[in-house]
Amino acid sequence: MDYVESVLTVVERIPPGRVMTYGAIAEFVGSGGPRQVGTVMARYGGAVPWHRVVNASGRVVPGHEAEALSRLRAEGTPLRGERVDLRRAAWWPD
C-alpha cells in the first residue's frame, strides 16, 4: 500500500466526534511527517472525513474553517472556541 492510501485509510477510520493530528497520522503510518500528511489531505482527502484531521494545537483545515467546524459540531466533537479540545477528542487506531 502506498503512502497516500495509508494516510487515507487511517483518516477513514477516525470515528465521528474524534480527531487525529497530522503528526499522529504520520506517526501511525510510520513515515513522513505532518507536512506530508497535509499534502496528501490537500490533494486526495476530499472523499474521506478530512474535517477530523487537525493540527497539533487543534486548529482545523485552513481555508475551510467554517465547513470543518460545522461538521465537527454536528458530530459532537469537543471544541474550545474555534479549536478542537485534543485532550477529549484525540483518537488513536487500535
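Here's what I pulled together on the structure shown here. (Residues numbered from 1 in each chain as written. Predicted model: local features only at pLDDT ≥ 70, side-chain atom pairs only at ≥ 80, totals over all residues. Heavy atoms only, no water.)

**Observations concerning helix α4 (residues 65-75)**
Going by this rule: Only protein chains enter the calculation, and the probe is 1.4 Å; a residue is then buried if its accessible area is under 20% of its type maximum, exposed if over 50%, and partly exposed in between. Where helices and strands are cited, they refer to DSSP runs of H or I of at least four residues and of E of at least two residues respectively, numbered from the N terminus. The directions considered for the arc run from the helix axis to the C-beta atoms. In what follows, residue pairs with any heavy atoms lying within 4.5 Å of each other are defined as contacts.
Within α4, the full set of buried residues consists of A68, L69 and L72. An end-on view of α4 places all buried positions within 95° of arc, on one side of the element. Structural note: α4 exposes A66 and A74 on the side pointing more than 90 degrees away from its buried face. For α4, the secondary structure elements touched by its buried residues are β3 (79-80) and β4 (83-84). Phi turns positive one or two residues past the end of α4, at G76, with a value near 80°.

**Things to note about the packing of aromatic side chains**
Each aromatic ring pair is characterised by the separation of its centres together with the angle its planes make. Stated precisely, the cut-off is as follows: We call Phe, Tyr and Trp rings a pair once their centres come within 6.5 Å, taking the six-membered ring for Trp, and we label the pair stacked below 30 degrees between planes, edge-to-face above 60, and tilted otherwise.
Overall, the coordinates contain one aromatic pair when judged by the stated rule. A ring pair is formed by F28 and W92, whose centres lie 5.5 Å apart and whose planes are at 85°; its orientation type is edge-to-face. Pair noted here: F28 is in helix α2 (residues 22-29) and W92 is in the segment after α5 (86-89), with a separation of 64 residues, a long-range link. Overall, W92 belongs to the partly exposed group, its relative accessible area being 41%.

**Digging into the pattern of salt bridges**
The test is simple: Any carboxyl oxygen of Asp or Glu that lies within 4 Å of a side-chain nitrogen of Lys or Arg is treated as forming a salt bridge with it.
Taken as a whole and judged by the stated rule, the model has four salt bridges. Between E67 and R71 there is a salt bridge; the shortest N-O distance is 2.6 Å. Of this pair, E67 and R71 are both found in helix α4, four residues apart, which corresponds to roughly one turn of the helix. Here E67 falls in the partly exposed class, since its relative accessible area comes to 38%. A residue is classified by how much of its surface remains accessible, and R71, at 34% relative accessible area, is partly exposed. For D85, the salt bridge is made with R88, and the minimal N-O distance between the two is 3.5 Å.

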